[in-house]
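Observations on the three-dimensional arrangement
Chain by chain, the residues:
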Amino acid sequence: ESGLLSSLGADPRVNIRGEGAEGQVPCGLNNLGNTCYVNTALQCLFMIPSFRRALFEVQPPVADHKVVQHLRSLFLALAFGPQRSADPSAFAKCLNLDHSTQQDCQEFFKLLLNKLEDVFKRSSDENTAQ
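The structure contained in this document is the topic of the report that follows. The shown structure was predicted, so the numbers you read here are calculated from the model rather than taken from an experiment.

What follows covers the overall build of the protein. Along its length, the protein carries 6 helices and 4 strands. In the protein, the succession of α and β elements from N to C terminus is α-β-β-β-α-α-α-β-α-α. For the protein, with 130 residues in total, the buried portion stands at 28%. Taking the contacts inside the protein whose residues are at least 6 apart along the sequence as the reference set, 70% of them involve residues at least 24 apart. Summing over all exposed atoms, the protein offers an accessible surface of approximately 8400 Å²; the carbon and sulfur share of this is 54%.

Moving on, we get to helix 4 (residues 66-80). Its 15 residues place the ends of helix 4 21 Å apart at the C-alpha level, agreeing with the 21 Å of an ideal helix rising 1.5 Å per residue. Within helix 4, the full set of buried residues consists of Val67, Val68, Leu71, Leu74, Phe75 and Leu78. Looking down the long axis of helix 4, one finds its buried residues gathered within 135° of arc, a one-sided arrangement. Set apart from the buried face of helix 4 by more than 90 degrees, the exposed residues are Lys66 and Phe80.

Following both chains from N to C, one finds helix 3 (residues 49-57) and helix 4 inclined at 120°, their axes separated by 10 Å at the closest point. Relative to helix 4, helix 3 is oriented oblique. Once helix 3 is placed against helix 4, the crossing between them reads as left-handed. Packed against helix 3, whose contacting residues are Phe51, Arg52, Leu55, Phe56 and Glu57, the element helix 4 presents Val68, Leu71, Arg72, Phe75, Leu76, Ala79 and Phe80 at the interface.

So, about the environment of Val38. Residue position: Val38 is located in helix 2 (residues 36-46). A relative accessible area of 2% places Val38 in the buried class. Separated by 65 residues in sequence, Val38 and Gln103 place their C-alpha atoms 8.5 Å apart. Not counting the four nearest positions on each side in its chain, Val38 is found in contact with Leu97 and Phe108.

For the rest of this paragraph, the subject is the environment of Thr35. Tracing the backbone through its elements, the reader meets Thr35 in the loop between strand 3 (28-29) and helix 2. When its relative accessible area of 4% is taken as the criterion, Thr35 is described as buried. Between the C-alpha atoms of Thr35 and His99, which are 64 residues apart in sequence, the distance is 5.8 Å. Contact partners of Thr35, with chain neighbours within four places excluded, come to Asn30 and His99. Among the polar contacts made by the side chain of Thr35, one reaches the side chain of Asn31 at a distance of 2.8 Å.

The next point concerns the state of the cysteines. With the rule as written, the count across this model stands at 0 disulfides. In this model Cys44 remains outside any disulfide bridge; the closest cysteine sulfur is found in Cys105, 6.5 Å from its own. Relative accessible area serves as the criterion here: at 45%, Cys44 is assigned to the partly exposed category.

Before going further, it helps to spend a moment on unusual backbone geometry. Of all residues except glycine, most have a negative phi; of all peptide bonds, most are trans. Cis geometry marks the peptide bond from Pro60 to Pro61, where omega comes out at 10°. Considering the arrangement of structural elements, one finds Pro61 in the loop between helix 3 and helix 4. We note that Asn34 has phi near 60°; this positive angle belongs to a residue other than glycine. Examined against the element boundaries, Asn34 turns out to sit in the loop between strand 3 and helix 2. Taking the relative accessible area as the measure of exposure, Asn34 reaches 34% and is therefore partly exposed. Backbone geometry places Asn96, a non-glycine residue, at a positive phi of 55°. Examined against the element boundaries, Asn96 turns out to sit in the loop between helix 5 (89-94) and helix 6 (105-129). Residue Asn96 is classed as exposed on the basis of its relative accessible area, which comes to 68%.

What counts as what
Residues numbered from 1 in each chain as written. Predicted model: local features only at pLDDT ≥ 70, side-chain atom pairs only at ≥ 80, totals over all residues. Heavy atoms only, no water. Helix = DSSP H or I, 4+ residues; strand = E, 2+ residues; numbered from the N terminus. Buried < 20%, exposed > 50% of the residue type's maximum accessible area, 1.4 Å probe, protein only. Contact = heavy atoms within 4.5 Å. Areas by Shrake-Rupley, 256 points an atom, 1.4 Å probe, with all protein chains shown as cover. Expected span 1.5 Å × (residues − 1). Arc of directions from axis to C-beta. Axes fitted to C-alpha atoms, helices over the stretch in contact; angles between N-to-C directions. Parallel < 35°, antiparallel > 145°, perpendicular 65-115°, else oblique. Left-handed = near helix turned anticlockwise from the far one by under 90°. Polar contact = N/O pair within 3.5 Å; in protein donor to acceptor, adjacent residues only side chain to side chain. Disulfide = S-S within 2.5 Å.

So this is what it looks like as structure tokens:
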């Protein structure tokens with residue numbers, strides 16, 4: 001709880017998401033420094049309703065993997081968080097991303113999808129072995 005409270009800042013009213021003509025204003029992602037390529041890939045994935053729904057509905061053991069937990073938390077903040085922007089630093093840290101160096105978005109997207117595929121495959125193999 002304290003992590004959530006501290007993320008709101010000194011005056012949460014300053015960063016509150018507003019209402020637009022068609023509902024709540026979309027939430028963005030903080031740039032950690034040279035991470036626009038990460039934010040672009042994440043926002044593309046977030047805008048795929050079936051991917052977002054699957055991520056929210058995934059069960060253990062898949063849901064227990066750090067990358068899935070952090071991605072789910074980030075997507076929950078994007079979808080339902082009260083602030084204008086969400087902080088992707090925990091997600092970046094779980095992937096050991098170096099945000100001091102600019103990377104290629106397509107390469108990151110491929111890396112992320114391969115990582116998620118590996119998580120799903122490993123979990124499927126674990127279930128089959130039981």
